[in-house]
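Observations on the three-dimensional arrangement
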Amino acid sequence: MPAPGTLASTAKGGAVITVEAETCWILPEDARGLIFSGHPAPVLRSRSRRDRGGAVTGEVTIEGHAALHPAGRAVVIQTREGCWLVPLVTFRRVVSGEAASAPLFPIHSGVGL
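Okay, so let's go over this structure. This one's a predicted model, so the numbers in the text were calculated from it and none came from an experiment.

Points about the pattern of salt bridges
According to the stated counting rule, one finds seven salt bridges in the structure shown. The salt bridge partner of Glu 63 is Arg 45, with a shortest N-O separation of 3.9 Å. Here the residue Glu 63 occupies a position in strand S5 (residues 56-68), and Arg 45 occupies one in strand S4 (residues 41-50), the gap between them amounting to 18 residues. Taking the relative accessible area as the measure of exposure, Glu 63 reaches 4% and is therefore buried. Arg 80 serves as the salt-bridge partner of Glu 63, at 2.9 Å between the closest nitrogen and oxygen. Taken together, the positions of Glu 63 in strand S5 and Arg 80 in the loop between strand S6 (74-79) and strand S7 (83-87) put the pair 17 residues apart, joining distant regions of the chain.

The structure is reproduced here in structure tokens:
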């Protein structure tokens, strides 16, 4: 089972997902689409590496997705590292800036979501 994580807000209305030492995010427009239209949102992560010459290169990759739970009361965040659940009301409060952060509750990926 994955470790518990934290959901935090960005200044522009997105979401930052932190689990152990890994940080991912959901863009503000994707978070709004998830909340108001129920559209799944990609979960992004920045990867950087240093080549032999010392230059740093980076890329943004899609690590997973966030979608509404079939019951419509929670957001399920799935990445390669695991699967987490946060109540929709809490997700909405964090993304809108009403709450600074919220816990992510780990769930087994085989729960039938």
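That was the structure; now back to the text.
Here's the deal with the pairing of strand S2 (residues 15-19)
Residues Ala 15, Ile 17 and Val 19 point to one face of S2 and are all buried, whereas Val 16 and Thr 18, pointing to the other face, are not buried. In the sheet, strand S1 (residues 5-9) pairs with S2 via five bridges, with the strands oriented antiparallel. Note that in S2 the partner of Ala 8 across the bridge is Val 16. Linking S1 to S2, which pair antiparallel, is a turn of five residues; within it Gly 13 sits at a positive phi near 100°. Bridge count between S2 and strand S3 (residues 22-26): five bridges; the pairing is antiparallel. The partner of Val 19 across the bridge, within S3, is Glu 22. Linking S2 back to S3 in an antiparallel pair, the connection comprises two residues, with Glu 20 at a positive phi of about 50°.

The rules behind these values
Residues numbered from 1 in each chain as written. Predicted model: local features only at pLDDT ≥ 70, side-chain atom pairs only at ≥ 80, totals over all residues. Heavy atoms only, no water. Salt bridge = Lys/Arg side-chain N within 4 Å of Asp/Glu carboxyl O. Helix = DSSP H or I, 4+ residues; strand = E, 2+ residues; numbered from the N terminus. Buried < 20%, exposed > 50% of the residue type's maximum accessible area, 1.4 Å probe, protein only. Pairing = 2+ DSSP bridges.

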